[in-house]
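The residues making up each chain are set out below.
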Amino acid sequence: MYGKATDLLGAGKDHDHFGGDEPLSTEIKHFMARNIYRRIFTEDATISASGGALTGVGPDDWADKVAAALGAFSATQHMLGTQLVTIDEMPDDEGCGGGATMQSYLNALHEFSPGGNIGIYRGTYFDKVRYVPEIGWQIYDMDLRLASWELREHGAAEEEEG
(Lines give C-alpha, C1' and ligand atoms only; values in the text may rest on other atoms or scores of the structure.)
Protein backbone atom coordinates (compact mmCIF):
# COMPACT_ATOMS: atom_id res chain seq x y z
CA MET A 1 0.00 0.00 0.00
CA TYR A 2 2.98 2.33 0.51
CA GLY A 3 3.76 2.52 -3.23
CA LYS A 4 0.10 3.21 -4.04
CA ALA A 5 -0.13 6.01 -1.47
CA THR A 6 3.15 7.53 -2.61
CA ASP A 7 2.01 7.61 -6.24
CA LEU A 8 -1.29 9.16 -5.18
CA LEU A 9 0.78 11.98 -3.66
CA GLY A 10 2.97 12.16 -6.76
CA ALA A 11 1.78 11.97 -10.31
CA GLY A 12 1.03 8.28 -10.68
CA LYS A 13 -1.02 8.27 -13.87
CA ASP A 14 -2.45 4.81 -13.11
CA HIS A 15 -4.29 6.39 -10.18
CA ASP A 16 -6.10 9.07 -12.18
CA HIS A 17 -9.11 6.84 -12.85
CA PHE A 18 -10.48 4.39 -10.32
CA GLY A 19 -13.00 2.79 -12.65
CA GLY A 20 -14.59 6.11 -13.60
CA ASP A 21 -14.34 8.30 -16.64
CA GLU A 22 -13.29 11.48 -14.87
CA PRO A 23 -9.79 11.83 -13.37
CA LEU A 24 -9.61 12.14 -9.62
CA SER A 25 -8.65 15.56 -8.36
CA THR A 26 -5.33 16.11 -6.64
CA GLU A 27 -7.22 16.85 -3.41
CA ILE A 28 -9.03 13.49 -3.50
CA LYS A 29 -5.83 11.59 -4.33
CA HIS A 30 -4.00 13.30 -1.45
CA PHE A 31 -6.91 12.52 0.92
CA MET A 32 -6.72 8.84 -0.11
CA ALA A 33 -2.94 8.76 0.29
CA ARG A 34 -3.07 10.29 3.78
CA ASN A 35 -5.58 7.66 4.88
CA ILE A 36 -3.31 4.89 3.61
CA TYR A 37 -0.27 6.43 5.33
CA ARG A 38 -2.27 6.68 8.59
CA ARG A 39 -2.93 2.96 8.35
CA ILE A 40 0.71 2.14 7.54
CA PHE A 41 2.54 4.41 10.02
CA THR A 42 2.20 5.05 13.74
CA GLU A 43 1.33 8.63 14.69
CA ASP A 44 4.90 9.20 15.92
CA ALA A 45 6.76 7.31 13.17
CA THR A 46 10.19 8.64 12.22
CA ILE A 47 10.72 8.46 8.48
CA SER A 48 13.74 9.31 6.35
CA ALA A 49 14.95 8.92 2.80
CA SER A 50 18.01 9.79 0.75
CA GLY A 51 20.44 9.66 3.64
CA GLY A 52 18.29 11.96 5.77
CA ALA A 53 17.80 14.58 3.05
CA LEU A 54 14.06 14.02 3.42
CA THR A 55 12.69 13.39 6.93
CA GLY A 56 9.32 13.44 8.62
CA VAL A 57 7.53 12.51 11.81
CA GLY A 58 4.14 10.85 11.52
CA PRO A 59 2.01 10.04 8.50
CA ASP A 60 0.68 13.54 7.81
CA ASP A 61 4.10 15.21 7.98
CA TRP A 62 5.51 12.51 5.70
CA ALA A 63 2.62 12.96 3.24
CA ASP A 64 3.38 16.68 3.06
CA LYS A 65 7.09 16.01 2.43
CA VAL A 66 6.43 13.35 -0.22
CA ALA A 67 3.85 15.52 -2.04
CA ALA A 68 6.31 18.42 -2.14
CA ALA A 69 9.20 16.20 -3.29
CA LEU A 70 7.19 14.51 -6.04
CA GLY A 71 5.23 17.56 -7.15
CA ALA A 72 7.76 18.52 -9.82
CA PHE A 73 7.38 15.23 -11.72
CA SER A 74 4.86 14.61 -14.49
CA ALA A 75 4.55 10.90 -13.60
CA THR A 76 5.75 8.58 -10.85
CA GLN A 77 5.63 4.87 -10.21
CA HIS A 78 6.91 3.29 -6.98
CA MET A 79 7.26 -0.49 -7.08
CA LEU A 80 8.15 -2.48 -3.99
CA GLY A 81 9.49 -5.94 -4.59
CA THR A 82 11.20 -8.42 -2.34
CA GLN A 83 10.00 -8.03 1.24
CA LEU A 84 11.81 -9.67 4.12
CA VAL A 85 10.17 -9.73 7.56
CA THR A 86 11.69 -10.91 10.82
CA ILE A 87 9.21 -11.17 13.67
CA ASP A 88 10.99 -10.49 16.94
CA GLU A 89 7.94 -10.79 19.17
CA MET A 90 4.35 -11.83 18.52
CA PRO A 91 1.52 -9.90 20.20
CA ASP A 92 0.20 -11.52 23.36
CA ASP A 93 -3.33 -12.94 23.74
CA GLU A 94 -4.67 -9.45 24.53
CA GLY A 95 -3.12 -8.03 21.35
CA CYS A 96 -0.37 -6.13 23.17
CA GLY A 97 3.31 -6.08 22.30
CA GLY A 98 4.70 -7.48 19.11
CA GLY A 99 7.59 -6.19 17.08
CA ALA A 100 9.38 -6.94 13.83
CA THR A 101 11.88 -5.61 11.33
CA MET A 102 11.27 -5.44 7.60
CA GLN A 103 13.20 -4.76 4.41
CA SER A 104 11.51 -3.90 1.11
CA TYR A 105 13.29 -3.38 -2.19
CA LEU A 106 12.30 -0.30 -4.18
CA ASN A 107 12.37 0.48 -7.88
CA ALA A 108 10.89 3.93 -8.57
CA LEU A 109 10.43 5.85 -11.79
CA HIS A 110 10.09 9.63 -11.90
CA GLU A 111 9.31 11.36 -15.19
CA PHE A 112 10.63 14.93 -15.25
CA SER A 113 8.22 16.17 -17.96
CA PRO A 114 5.76 14.43 -20.30
CA GLY A 115 7.91 12.43 -22.68
CA GLY A 116 11.06 13.76 -20.98
CA ASN A 117 13.86 12.12 -19.04
CA ILE A 118 13.11 9.50 -16.40
CA GLY A 119 14.96 9.16 -13.10
CA ILE A 120 15.22 5.54 -12.00
CA TYR A 121 15.86 5.08 -8.29
CA ARG A 122 16.64 1.78 -6.61
CA GLY A 123 16.93 1.28 -2.90
CA THR A 124 15.86 -0.59 0.19
CA TYR A 125 13.44 0.44 2.92
CA PHE A 126 14.56 -0.63 6.39
CA ASP A 127 11.55 -0.61 8.70
CA LYS A 128 10.79 -1.28 12.34
CA VAL A 129 7.20 -2.28 12.97
CA ARG A 130 5.02 -2.96 15.98
CA TYR A 131 1.62 -4.43 16.55
CA VAL A 132 -1.01 -1.85 17.49
CA PRO A 133 -4.27 -3.24 18.95
CA GLU A 134 -7.34 -2.70 16.75
CA ILE A 135 -5.12 -1.52 13.85
CA GLY A 136 -2.55 -4.24 13.22
CA TRP A 137 1.12 -3.97 12.27
CA GLN A 138 2.41 -0.43 11.72
CA ILE A 139 5.78 1.08 10.83
CA TYR A 140 7.26 3.28 13.56
CA ASP A 141 10.69 3.79 11.98
CA MET A 142 11.44 3.78 8.24
CA ASP A 143 14.68 4.58 6.45
CA LEU A 144 15.06 4.45 2.67
CA ARG A 145 18.64 3.83 1.59
CA LEU A 146 19.44 4.57 -2.03
CA ALA A 147 21.37 1.82 -3.81
CA SER A 148 21.62 3.41 -7.27
CA TRP A 149 19.99 5.86 -9.63
CA GLU A 150 20.21 6.70 -13.28
CA LEU A 151 18.80 9.23 -15.68
CA ARG A 152 17.33 7.75 -18.84
CA GLU A 153 15.80 9.33 -21.93
CA HIS A 154 12.29 8.23 -22.89
CA GLY A 155 12.50 5.45 -25.43
CA ALA A 156 16.28 5.04 -25.06
CA ALA A 157 15.99 1.27 -24.44
CA GLU A 158 13.67 0.83 -27.46
CA GLU A 159 16.03 2.74 -29.74
CA GLU A 160 19.00 0.62 -28.65
CA GLU A 161 17.08 -2.62 -29.30
CA GLY A 162 15.60 -1.50 -32.64
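Participant: Let's hear about the sheet that holds strand E1 (residues 41-49): which residues, and what values?
Facilitator: The sheet built from six strands is open, its strands ordered E2-E1-E6-E5-E4-E3 with mixed pairing. The sheet is open, and its two edges are formed by strand E2 (54-57) and strand E3 (75-89), each paired on a single side. The mean angle between the axes of side-by-side strands here comes to 15°, regardless of whether they run parallel or antiparallel. Relative to strand E6 (residues 136-152), E1 runs parallel, the two being bridged by five bridges. Within E6, the residue paired with Ser48 across the bridge is Asp143. On top of the sheet, helix H2 (residues 26-40) reaches E1 and E6; it is set at about 120° to E6, its chief contact. The sheet contacts of helix H3 (residues 59-70) involve E1, E2, E3, strand E4 (99-111) and E6, and relative to E2 the element is tilted by about 155°.

Participant: Outline the packing of aromatic side chains, listing residues and values.
Facilitator: In the structure shown here, the tally under the stated rule is seven aromatic pairs. Ring geometry for Tyr2 against Tyr125: centres 5.2 Å apart, planes inclined by 70°, an arrangement best described as edge-to-face. One end of the pair, Tyr2, is in helix H1 (residues 2-9); the other, Tyr125, is in strand E5 (residues 118-132), with 123 residues separating them in the sequence. Geometrically, the ring pair formed by Tyr37 and Phe41 is edge-to-face, given 5.5 Å between the ring centres and 80° between the ring planes. Accessibility assignment for this pair places Tyr37 and Phe41 in one class, buried. Grouping aromatic residues by their ring pairs yields a cluster made of Tyr2, Tyr37, Phe41 and Tyr125. It is Arg130 that lies over the ring of Tyr140; its NZ or CZ is 4.4 Å from the centre. Its end group placed over the ring of Phe126, Arg145 keeps NZ or CZ at 4.1 Å from the ring centre.

Participant: Break down a negative patch on the surface for me, citing the residues and quoting the values.
Facilitator: There is a patch of like negative charges on the surface, built from Asp88, Glu89, Asp92, Asp93 and Glu94. As for its placement among the helices and strands, Asp92 is situated in the loop between E3 and E4. Asp92 sits in the partly exposed class, given a relative accessible area of 38%.

Participant: Explain the nonpolar core residue by residue, including any values.
Facilitator: Counting 27 residues, the largest nonpolar core has Tyr2, Tyr37, Phe41, Trp62 and Met142 as the members making the most contacts within it. Mapped onto this core, the elements with two or more residues apiece are H1, H2, E1, H3, E4, E5 and E6. Tyr2 has contacts with Tyr37, Ile40, Phe41, Trp62, Leu80, Tyr125 and Met142, leaving out every residue within four places of it along the chain.

The rules we used
Residues numbered from 1 in each chain as written. Predicted model: local features only at pLDDT ≥ 70, side-chain atom pairs only at ≥ 80, totals over all residues. Heavy atoms only, no water. Pairing = 2+ DSSP bridges. Helix = DSSP H or I, 4+ residues; strand = E, 2+ residues; numbered from the N terminus. Axes fitted to C-alpha atoms, helices over the stretch in contact; angles between N-to-C directions. Contact = heavy atoms within 4.5 Å. Phe/Tyr/Trp six-rings, centres within 6.5 Å; stacked < 30°, edge-to-face > 60°. Buried < 20%, exposed > 50% of the residue type's maximum accessible area, 1.4 Å probe, protein only. Lys NZ or Arg CZ within 6 Å of the ring centre and 35° of its normal. Patch = residues over 30% accessible without salt bridge, like charges linked within 9 Å, V, L, I, M, F, W, Y side chains within 5 Å. Areas by Shrake-Rupley, 256 points an atom, 1.4 Å probe, with all protein chains shown as cover. Salt bridge = Lys/Arg side-chain N within 4 Å of Asp/Glu carboxyl O. Lys, Arg positive; Asp, Glu negative; His and termini not counted. Charge placed at Lys NZ, Arg CZ, Asp CG, Glu CD. Core = buried A, V, L, I, M, F, W, Y, C linked by side-chain atoms within 4.5 Å.

Functional significance is not addressed by these values, which are geometric in nature.
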